[in-house]
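Letter by letter, the chains look like this.
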Amino acid sequence: MISIMVNDLPVELAQKATLQEMLTQLGRADDGTALAVNQMIIPRLEWPHHRLTDGDDILLFQAIAGG
Amino acid sequence: MLKIADTTFTSRLFTGTGKFATPDVMLAAITASGSQLVTLAMRRIDLRGGNDAILPALIRAGVKLLPNTSGAKTAEEAVFAARLAREALGTHWIKLEIHPDMRYLLPDPVETLKAAELLVREGFIVLPYCGADPVLCRRLEEAGCAAVMPLGAPIGSNQGLITRDFLRIIIEQAGIPVVVDAGIGAPSHALEALELGADAVLVNTAIAVARDPVAMACAFRLALDAGELAREAGIAPSRRDASATSPLTGFLTQTEGAL
Amino acid sequence: MSSFETRWHQLDWGDIGRSINTTTAQDVEQALSAERLTLRNFMALLSPAALPYIEPMAQRAQQLTRKRFGNVVNFYLPLYLSNLCSNDCTYCGFSMSNHIKRKTLDESEIIKECEAIRAMGFDNLLLVTGEHKTKVGMEYFRRYIPLIRDYFSSLMMEVQPLSQEDYAELKTLGVDGVMVYQETYHPATYQQHHLRGQKMDFSWRLETPDRLARAGIDKIGLGALIGLSDNWRTDCYMVAEHLLYLQHAYWQSRYSLSFPRLRPCAGGITPASLMNEAQLLQVMCAFRLLAPDVELSLSTRESPYFRDHAVPIMVNSVSAGSKTQPGGYARNQSELEQFEPHDNRSPQEVAQVLIQAGLQPVWKDWDKHLGRTPTAKASLTL
């Protein structure tokens, strides 16, 4: 198991979990989302391939209402 | 017909999605307004909360999405937000807004110009929200922005075009479309913007917080139709009063050897 | 890189002439009441239909001039450094085919001229030369401009079109502005009158203001030689198109317009179209209405009577006491003249008349350090 932070919340994941798997686990694999791992934006195409490591800090964003 | 970058719009009304009571009302209002472009913000998802997603409905409505960089206080933050938005929505269009001023939400010209230059280089279609500063608008145009979005009045103030004299100059000098953004509180303000020669307006608060947002959206739509027609018809110039002074050209009839 | 030539190719000489000629009184009235004139409005003001409206045009032109320039009129003087020329232009006294005595000032002569000019009260100088790449080209300018620069607060040039690099270099030597008149925007006419030399190149000349602006030269002067083509109205319209194009593309530069009418000179030609004084006034007013911020200049080519009445209306830059031959200020030799000035009054005389008319002659309105030329002598202290 590895521990990561997602939007300041601790999340436990399986070893070598990918970003896509993490999103599915959290129920957030929606359109209109983007994320950064350790301040670096990861393109959507890479989500199924990008493996997370212990201590990774993830910021997850979505498009919401705004002017 | 309004063309910005590679996209043609038949409506000159752009709308914001913020401040509505419910997503349903927002969608109904946007539909009633006839708007073909809506703005969105990027925010961190609250993992403990529900899903704020309005995206699927907007995509079904067939409007063009224009994410903004609101929340950014520096050029760096704005660039980060823009890249996120591009990833999230698959669009290169970005409304650049940087307002560290929390009281009046006025845009920072220095950071905005800096961010615009960076974003244009990264291939974004940049629509910067800025003060009604003609020189700044020229610089933004030179930096490669696809349009400029000068404010009519501070965001949410509904004061109308208090910057109209400067908007006139910007409209006169701009080689790219001018979208008046912020401060439009009533349909008459939007109409005035079009009569001044603006290419489009962006309206959010005035529609979202009206007692009946859908009706207000219709009113704006009608105002913009009127504005478009008036422009095509050719607005009559207002006459200036000539102040009588002594004649200046009498000497011509007395010219010695006219040639 | 695009330049005015791109725009110029879109303009049709014949169509413009026809539009101007079919202007109605209604078009003129619409132009007069417009807050901000379009080129379409300007066309109406250039037309014969606008002449009856010259009084309201003049009133409005004066209003706009006062608003922008107050009561100030800048005085400048041309200094002809050389009448040597490798071009053959039918209308010019310096044409290489004219048998006149050629003179190029040397260092001591230049100094004498500068001192004489300063003694007359002038601080704004316009250097004029014929075109000669080797004898009066960049080498000559490099050698003498720094010397001349020290005598005057502002320095302009009216010489052959140069490259952008040359202009950038001239800027570092202290040149504040450059005048380059297209003469005519009608290529066939242009060819008829420019028979030999580099000046035959219409495009090179047409693109000169673009090169000037890109080189960062602060003030750029435009104009057509009125009467060279068979339709001066169309040529004036072209000047307006040129001005508006440049103002939009190079918005950080200042612009200046002159209105030289063909005058008699050695081996002179007959103008192909005639513009009388009323029409000259009309055109100058039209330009003032079109471009309230542009400098309008009236030289000594025009009569004292006309100048005295026209300057208070819309002119903000004049020359006086001009000599159009090299060495004319220290020593007068009329056989070397480019053209014969019509107003031969002294600068003080002209200034007095303008003062009576409520204007303020200004001799100095610039300073060397404003040209941002980092020479050894220049400093930022005032």
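These numbers come from a predicted model, not from an experiment.

Sorry if this is basic, but what is going on with the overall build of chain C here?
Helix and strand content of chain C: 15 helices and 11 strands. The C-alpha atoms of chain C give 20 Å as radius of gyration, which agrees with the globular expectation for 382 residues (21 Å, within 12%). A principal-axis box enclosing the C-alpha atoms of chain C has dimensions of 60 × 45 × 40 Å. Sequence-distant contacts in chain C: of pairs separated by 6 or more residues, those separated by 24 or more amount to 77%.

When you look at the interface of chain A and chain B in this model, what are you seeing that I'm missing?
How big an interface is tends to be stated in terms of the accessible area lost upon association of its parts. Contact with chain A, which involves 22 residues of that partner, is made by 28 residues of chain B. If you list the elements that add at least two residues to the side of chain A that touches chain B, you get β3 (33–37) and β5 (57–65) of chain A. In terms of residue count, the dominant contributor to the side of chain A that touches chain B is β5(A) (7 residues). Taken together, the 5 bridges between β5(A) and strand β4 (residues 37–44) of chain B define a ladder with antiparallel strand orientation. Bridge pairing links Ile64(A) to Ala41(B) in β4(B).

How do you make sense of helix α14 (residues 304–314) of chain C when you look at a structure like this?
All names here are of chain C. The buried fraction of α14 is high, at 8 of 11 residues. By the burial criterion, the buried members of α14 are Phe306, Arg307, His309, Ala310, Val311, Pro312, Ile313 and Met314. Here the buried face of α14 lies against α5 (54–69), β1 (72–82), α13 (277–290), β9 (295–298), β10 (317–319) and α15 (347–356).

Explain the pairing of strand β7 (residues 125–130) of chain B here, please?
Where a strand is regular, its side chains alternate between the two sheet faces. Residues and elements named next belong to chain B. Most of β7 sits out of view: 6 of its 6 residues are buried. Of the two faces of β7, the one lined by Ile125, Leu127 and Tyr129 and the one lined by Val126, Pro128 and Cys130 are each fully buried. Bridging between strand β6 (residues 93–96) and β7 involves 4 bridges; their strand directions are parallel. Its bridge partner being in β7, Lys95 is matched across the sheet by Leu127. Across 2 bridges, β7 lies against strand β8 (residues 149–150) in parallel orientation. Residue pairing across strands places Tyr129 opposite Met149, the latter belonging to β8.

What am I meant to see in the confidence of the model for chain C here?
Low pLDDT means the predicted coordinates in that region are not meant to be read closely. Residues and elements named next belong to chain C. Model confidence for chain C is summarised by a mean pLDDT of 90, while 93% of its residues fall at 70 or above. Counted against residues more than four places away or in other chains, residues 373–382, with its pLDDT under 50, gives 11 contacts. Here the complex is predicted with pTM 0.80, and the ipTM for its interfaces comes to 0.87.

Mind showing me how you'd approach the confidence of the model for chain A here?
Averaged over every residue, the pLDDT of chain A is 91; the share at 70 or more is 100%. Confidence, read as mean pLDDT per element, is least for β5(A) in chain A (90) and greatest for strand β4 (residues 40–41) of chain A (94).

Rules used throughout
- Residues numbered from 1 in each chain as written.
- Chains lettered and ligands numbered in written order.
- Predicted model: local features only at pLDDT ≥ 70, side-chain atom pairs only at ≥ 80, totals over all residues.
- Helix = DSSP H or I, 4+ residues; strand = E, 2+ residues; numbered from the N terminus.
- Rg over C-alpha atoms; globule rule 2.2 N^0.38 Å.
- Contact = placed C-beta atoms within 7 Å.
- Pairing = 2+ DSSP bridges.
- Buried ≥ 20, exposed ≤ 12 C-beta atoms within 10 Å, placed from the backbone.
- pLDDT = per-residue confidence, 0-100.

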